[in-house]
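Chain residues, written in single-letter form:
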Amino acid sequence: EQPIFSTRAHVFQIDPTTKKNWVPTSKHAVTVSYFYDSTRNVYRIISLDGSKAIINSTITPNMTFTKTSQKFGQWADSRANTVYGLGFSSEHHLSKFAEKFQEFKEAARIAKEKSHEKMELTSTPSQESAGGDIQSPLTPESINGTDDERVMPEVTQNSEPRAEPTQNALPFTHSSTINKHWEAELATLKGNNAKLTAALLESTANVKQWKQQLAAYQEEAERLHKRVTELECVSSQANAVHTHKTELNQTIQELESTLKKKEEEIEGLKQEIENARELQAQRDSLTQKLQEVEIRNKDLEGQLSDLEQRLEKSQNEQEAFRNNLKTLLEILDGKIFELTELRDNLAKLIECS
């Protein structure tokens, strides 16, 4: 088989239980290709997600590709007993895929007609040889074709008169080919069963890993909760600093009132030089204390401003982290639910197989 056309799309399958909802079979856009098997003269649609075949559909003349929206199309595969859906990135890719589907569907119809003509020519008496050797009308195309094609060899065989050796040889060839076909189908089913079992084990391992990640996130949330408690303590300290600042302002006001009183006393006691000197010394001392208090007040204001900024930043970071954590928990819950549902579906498929 050789790929003759490829594109990228998100792959879906119809829910086997409800037959209504779409179940994604690929986590991201994967390559979807048309393949042509020159030996059997058939066209197939194949898509792989890693080493797993998520689409393996043989195109038959009775298939129809339907555009359900500008970027989504679907077709039913009676052999796989499912409906495939493809989500494209643009309407152009969807139209191109639909054109190729119609083209290869027509080619499959022509190949089917040619196969029927070949079987009719093979089954006519004019093609019989002198020794009674007749080519079997059962071809690989009829084996891999529709149910009508599988019935056609038996109808031809029973409707045409044959010589005795031919009547005995034909059912034997037919039975042998059918046995080989069903052996191949059985091998395919065993391979699919092994792949589904591996996928189930992988999903179980992923669930365990996500549970470990959830436990780690919970520990991180507890650590952040402790950090919030510490920040609340820092906030209470900031309130204490603010109270101390108020007290200092009151003290400054009291000192200023005291200074005014001392100045009045200096004016009233100018005649007493010695007392005036003492008052002057007191004034200088009070001025120095006032400057020290002002400097300390500025330092405290700077520290308070810095603490307020740090508190606001911490609160913003805490709120953002809480939002991110909530979003992550919601996504994680959705993923766990999807994996549980996928595990149930895989278990059902294993039981069915």
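Since this is a predicted model, take the numbers as computed values, not measurements.

Moving on, we come to the overall build of the protein chain. Regarding its fold elements, the protein chain presents five helices and eight strands. Ordered by position from N to C terminus, the α and β elements of the protein chain give β-β-β-β-β-β-β-β-α-α-α-α-α. Counting over 353 residues, the protein chain shows a buried share of 28%. Taking contacts inside the protein chain between residues at least 6 apart in sequence as the whole, the part at least 24 apart equals 57%. Summing over all exposed atoms, the protein chain offers an accessible surface of approximately 23400 Å²; the carbon and sulfur share of this is 51%.

Among the nonpolar cores identified, the biggest contains 22 residues, and Tyr34, Ile45, Ile55, Trp75, Leu86 and Phe97 are the most heavily contacted of them. For this core, the secondary-structure elements that each account for two or more residues are strand E1 (2–14), strand E3 (30–37), strand E4 (42–49), strand E5 (52–58), strand E8 (82–87) and helix H1 (91–123). Tallying contributions element by element places H1 first for this core, with five residues. In contact with Trp75, other than residues within four places in its own chain, are Ile45, Ile55, Ser57, Met63, Thr64, Phe65, Val83, Tyr84, Leu86, Phe97 and Phe101.

The next subject is the packing of aromatic side chains. Tallied over the full model, the rule gives 14 aromatic pairs. Three or more aromatic residues joined by ring pairs form one cluster here, namely Phe5, Tyr34, Tyr36, Tyr43, Phe65, Trp75, Tyr84, Phe88, Phe97, Phe101 and Phe104.

Taken over all residues, the pLDDT of the protein chain has a mean of 78, while the share at 70 or more is 83%. Taken as a whole, residues 125–174 scores under 50 in pLDDT and shows 61 contacts with residues more than four places along the chain or in a different chain.

Gaps left between atoms are located by rolling a probe of water-molecule size over the structure's atoms. By volume, the second largest pocket is sized at about 300 Å³. Residue lining of the second largest pocket: 15 residues in total, with Leu224, Val228, Glu317, Gln318 and Phe321 positioned closest to the centre. Of all the secondary structure elements, the ones that give two or more residues to the lining of the second largest pocket are helix H4 (164–268) and helix H5 (273–352). In terms of residue count, the dominant contributor to the lining of the second largest pocket is H5 (nine residues).

Here we come to empty space enclosed by the protein. According to the stated counting rule, one finds two cavities of 30 Å³ or more in the structure shown. Taken as a whole, the second largest cavity encloses approximately 50 Å³ of empty space. Those elements that provide at least two residues to the lining of the second largest cavity are H4 and H5. Classifying every residue of the lining of the second largest cavity by side-chain character gives four nonpolar, one polar and one charged.

Attention shifts here to the side chain of Thr82. In this structure, Thr82 sits in strand E8. Discounting residues that sit within four places of it in the chain, Thr82 has contacts with Gln13, Ile14, Ala76 and Asp77.

Here we take up the pattern of salt bridges. One pass over the full model with this rule turns up eight salt bridges. In this structure, Lys100 and Glu103 form a salt bridge, with 3.8 Å as the shortest nitrogen-oxygen distance. Of this pair, Lys100 and Glu103 both sit in helix H1, three residues apart, roughly one helical turn. Lys100 sits in the buried class, given a relative accessible area of 18%.

In this section: the pairing of E1. As paired elements, E1 and E3 share seven bridges and run antiparallel to each other. In the sheet register, Phe5 faces E3, and the bridge partner there is Tyr34. One ladder, built from four bridges, connects E1 with E8; its direction is antiparallel. Within E8, the residue paired with Phe12 across the bridge is Gly85. With three bridges connecting them, E1 and strand E2 (residues 22–24) associate as antiparallel partners. Looking at E2, one finds that Phe12 is bridged to Pro24.

On to unusual backbone geometry, then. You will see that Asn41, though not glycine, has its phi angle at about 60 degrees, which is positive. Counting through the fold element by element, Asn41 comes out in the loop between E3 and E4. Residue Asn81 is not a glycine yet carries a positive backbone phi of 55 degrees.

The rules behind each value
- Residues numbered from 1 in each chain as written.
- Predicted model: local features only at pLDDT ≥ 70, side-chain atom pairs only at ≥ 80, totals over all residues.
- Heavy atoms only, no water.
- Helix = DSSP H or I, 4+ residues; strand = E, 2+ residues; numbered from the N terminus.
- Buried < 20%, exposed > 50% of the residue type's maximum accessible area, 1.4 Å probe, protein only.
- Contact = heavy atoms within 4.5 Å.
- Areas by Shrake-Rupley, 256 points an atom, 1.4 Å probe, with all protein chains shown as cover.
- Core = buried A, V, L, I, M, F, W, Y, C linked by side-chain atoms within 4.5 Å.
- Phe/Tyr/Trp six-rings, centres within 6.5 Å; stacked < 30°, edge-to-face > 60°.
- pLDDT = per-residue confidence, 0-100.
- 1 Å grid on protein atoms, 1.4 Å probe; cavity = no way out; pocket = protein on both sides within 12 Å on 5 of 7 lines; lining within 4 Å.
- Points joined across faces, edges and corners; volume = space filled by probe spheres on them.
- Nonpolar A, V, L, I, M, F, W, Y, C, P; charged D, E, K, R; others polar.
- Salt bridge = Lys/Arg side-chain N within 4 Å of Asp/Glu carboxyl O.
- Pairing = 2+ DSSP bridges.

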